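Breakdown of the fold
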Amino acid sequence: MSTIPAVKGVDETQATRRARLPARVIHEWLTTVDHKKIGILYIGYALIFLVIGGIEATLMRIQLAQPNNHLVSPQVFNRLFTMHGTTMIFFVAMPIMFGFGNYLVPIMIGARDMAFPRLNAFSFWVSAMGGVLLYFSYLGGSGLYAAGSAPDVGWFAYAPLTAKVFSPGHSTDYWTLSILLSGVGSIGTALNIVTTTLCMRSPGMKLSRMPLLVWLYLVMGGLVFVTISPLTAAQIMLTLDRYLGAHFFDTQAGGSAVLWMHFFWIFGHPEVYVLILPAFAFMNEIVPVFSRKAIFGYPAMVAASVGIGFISLTVWAHHMFTVGMGAAGNTFFVFATMVISVPTGIKIFNWLATIWGGKVIFATPMLFSVGFLFQFLIAGLTGIILSIAPFDWQLHNTYFVVAHFHYVIVGGILFALFAAFYYWYPKMTGRMMSETIGKWHFVLFIIGFHLTFDFMHIPGLLGMPRQIYTYEADRGWGSWNMIVTIGVIFQAAGILVFVYNLVRSYFAGKVAGPDPWDAWTLEWSTSSPPPDYNFAVLPTVRSRRPLWDLKHPEDPDSDYEL
Amino acid sequence: MSSASTLPMQPGGAQAPWTQPYRGTVGMACLIIAESAIFLIFIVAYIFYLGKSLTGPTPDQVLEVPIFGTICLLSSSITVHLAVIRLRQVKLRAFTFWLAGTVVLGTIFLLSTAQEWYRLIYERGLTLQTNLFGTTYYSLVGLHASHVIVGLIMLSLTLLFALFGRVNEHHFEKFDTLSLYWHFVDGVWVVVFTVVYVVGR
């Protein structure tokens, strides 16, 4: 293992620990505009909501484990799946991806902060308040006169169920407002990430030399502008309907419920790519480092990412094959959906080619990455199955669909996130996460994941619809659901082990040093954790792997640049 | 964690000159893309619901083309551009003049919209609740008007600073960014005007 040559840091800051009053620490975090602190705030906030959303999922799985179970009422079950979906997408997945992006993008392109630090803080706090508002609905959702507490209209909130007549009280308004706020925050952060990438790169960091992670976040940012905005527009319309008596989705006045479906899925499908692109981003950094090889096919990876960004805007109505769009519409969305698997396939093959012939180190980040590769492939394959319109007519709104998208989100995105946690935790805290506990986490979680989501496909194929609160015993779904619920126990145990590892490693982890993985991108040239200003002297970059060049002056990457 | 430090990454040799776009321009471009997507959804809704209202009034019965307001708004794009040019040339008096002209023209447009709405509501009885036309018309034109208001607030603040002599050539890039937003508001009006008063009538 090569090490960084003994160059003395030019900006040695004395490590005198200030006396830190709790009040002062809290004040520092509340008022910070530092991209690293905001990134950690995003991640911490998302982890809290991950636990809340996970508890909701666990309650639903206990309810569904046996036929004719009456642990929760139908009304509570509706609230549970609505809150679970909304929480996991808007207040776990989005903020955690923005958290990593906030932390990593500036430091990987050699910048001292984001382009607009105060906008960055604003975006975080607006998003955070959105999450608080969503859960405040449990207290305030019944309003002064009507029934219901938390939102219970499903995460896609189809019209006309959201009309004032069918959803009295304020719970749906809390849902709308929390998503509006989260949307404003998302657009602010995406704007910041794109601007930072285009305007704040250190000398020599041409677009063609940027780490692939930054490229992926650039595409993700662009995608946020054109996907979150339609959702924001649709939420404004819904609010006008509910409060000012407008008729956008009012079928009694000629309004169209299908229009809401279109508006929601114009957001909803690209949203999946907004979340998976950062997961790809983590893979692009972690797979090469643990294979000890440069990424295979950098230009193809960039082209595939941009391609996915564009194609993802044309696939939304594959959520609506059962609406009756006609043969031409169905055919278009079938083909568009199938075409998107081409750039995705290019990525998977490039990761495999990166691992091929490498000296693979199976540390915990790499274990989760390999898990990601397999599971994301299977998730993609069930996606292809569902993209075939006649097959989708059969399986629409069944547990097969639920299993498919959880395979993407848990098997793909969450596994990539765990890999990212193990990989960048040393940079963020200065301590390594425990490898032993990490491997326990991996084993528990992969068992739990496959028990739950592999077997969830089967009741779907047998016809079990989603969003039902219980079912009759003679359907034959009982034993499959029991297996699915048993998997949740392993997953919950895995999450507990993970949280324990996070906390324990912060105090007792091995000291990491600046570059524990012998990596090649700029964040590893700073100390762990990096100083407030990241770089006292802005780095000058001559290739895609600046730290490799520094470690190997005899064979720098820049010699091979075209 | 003995000390916070960064490895110096300054290889020798000549470096190519390094320039990147101004972050205000890029940030505003991003905002414009996001705002365009919001407008697009409202425009799609407007076109989708054309002729689908179950009751009257219909657009051809009540809408009058706001030609004067439109001319004022489109002219304000020219005046704000002239203001940008004068600021770059450090002709601050001319800059203030053209900026004031922009604010006046924008305000006239807003007043003409207000007058139109007053006529529609009190004389023609068309509100947001009347029918689908009312719903989509007021929300689309209102969304645009709210952007005009935001733009006018920012331009008026700049005008106040300019009148007190606090604007100088160092603020050129910032004002240029603001002018981009104003051009966007004007450009959107061209689309809204075409959809509502030409195609939709």
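This text follows the structure it describes.
Numbers given to residues run from 1 along each chain, matching the order in which its sequence is written. Each chain is given a letter, starting from A, and each ligand a number, starting from 1, according to the order in which they appear as written. Predicted model: local features are reported for residues with pLDDT of at least 70 only, side-chain atom pairs are reported and counted for 80 or more only, and whole-chain, interface and lining totals are derived from all residues.

A look at the environment of Leu80 of chain A
Residues and elements named next belong to chain A.
- Helix and strand definitions here come from DSSP, where helices need a minimum of 4 consecutive H or I residues and strands a minimum of 2 consecutive E residues; each element is numbered from the N-terminal end. Counting through the fold element by element, Leu80 comes out in helix H3 (residues 74-108).
- As for Leu80 and Ala150, which are separated by 70 residues in sequence, their C-alpha atoms are 8.5 Å apart.
- We call two residues in contact if the C-beta atoms placed from their backbones are at most 7 Å apart. Filtering out sequence-adjacent residues up to four positions away, Leu80 remains in contact with Glu56, Leu59, Met60 and Val72.

Side note on helix H4 (residues 92-122) of chain B
- With 31 residues, H4 of chain B extends 44 Å from end C-alpha to end C-alpha; this agrees with the ideal 45 Å at 1.5 Å per step.
- With C-beta atoms placed from the backbone, a residue counts as buried when 20 or more other C-beta atoms lie within 10 Å of its own, as exposed when 12 or fewer do, and as partly exposed for counts between those limits. Of the positions making up H4 of chain B, those classed as buried are Phe95, Thr96, Trp98, Leu99, Thr102, Leu105, Gly106, Phe109 and Leu120 of chain B. Every helix has an expected span of 1.5 Å times one less than the residues it contains.

Things to note about unusual backbone geometry
- The omega torsion of the bond from Ala159 of chain A to Pro160 of chain A falls at 0°, within 30 degrees of zero and hence cis.
- Here Pro160 of chain A shows up in the loop between helix H4 (117-140) and helix H5 (171-199).
- Across the junction of Gly56 of chain B and Pro57 of chain B, the peptide omega takes the value -5°, indicating a cis bond.
- Relative to the elements of secondary structure, Pro57 of chain B occurs in the loop between helix H1 (23-48) and helix H2 (59-62).
- Despite not being glycine, Asp518 of chain A has its phi angle at roughly 55°, a positive value.

Examining the environment of Thr227 of chain A
Residues and elements named next belong to chain A.
- Here Thr227 shows up in helix H6 (residues 212-244).
- Judged by the 26 C-beta atoms lying within 10 Å of it, Thr227 falls in the buried class.
- Residues Thr227 and Trp265 lie 38 residues apart in sequence; the distance between their C-alpha atoms is 9.2 Å.
- If sequence neighbours within four positions are ignored, Thr227 has contacts with Phe267, Pro270, Glu271 and Val274.

Topic: the nonpolar core
Residue and element names in this part refer to chain A.
- When buried Ala, Val, Leu, Ile, Met, Phe, Trp, Tyr and Cys residues are joined through C-beta atoms within 7 Å, the set is termed a nonpolar core. Counting residues in hydrophobic clusters, the biggest one holds 206 residues, and the most contacted among them are Leu216, Ile413, Ala416 and Ala419.
- Counting residues per element, this core draws most heavily on helix H13 (residues 399-429), at 22 residues.
- Contacts of Leu216, omitting those with residues within four sequence positions, involve Leu277, Pro278, Phe280, Ala281, Asn284 and Ser305.
- If you look at the next biggest cluster of nonpolar residues, it comprises 8 residues, including Ala57, Leu64, Phe81 and Met83.

Some thoughts on the packing of H4 of chain B against helix H5 (residues 132-163) of chain B
All names here are of chain B.
- To get an axis, fit a line to the C-alpha atoms, keeping to the stretch in contact for a helix; angles then go from 0 to 180 degrees between the N-to-C directions. Put simply, H4 and H5 touch, their axes get as near as 9 Å, and they point 150° apart. When the axes of H4 and H5 are compared, the pair comes out roughly antiparallel. Of the two elements, H4 crosses H5, and the hand of that crossing is left-handed. Between H4, through Phe95, Thr96, Leu99, Ala100, Thr102, Val103, Gly106, Thr107, Phe109, Leu110 and Thr113, and H5, the contact on the second element is made entirely by Val141, Ala145, Val148, Ile149, Gly151, Leu152, Leu155, Ser156, Thr158, Leu159, Ala162 and Leu163.
- When residues are grouped by polarity, Ala, Val, Leu, Ile, Met, Phe, Trp, Tyr, Cys and Pro land in nonpolar, Asp, Glu, Lys and Arg in charged, and all others, Gly among them, in polar. Classifying every residue of the contact of H4 with H5 by side-chain character gives 15 nonpolar, 8 polar and no charged. Relative orientations are named as follows: roughly parallel for angles under 35 degrees, roughly antiparallel for angles over 145 degrees, roughly perpendicular for angles from 65 to 115 degrees, and oblique for any other angle. Here is the rule for handedness: rotate from the far helix to the near one, and if that takes an anticlockwise turn smaller than a right angle the crossing is left-handed, while a clockwise turn gives right-handed.

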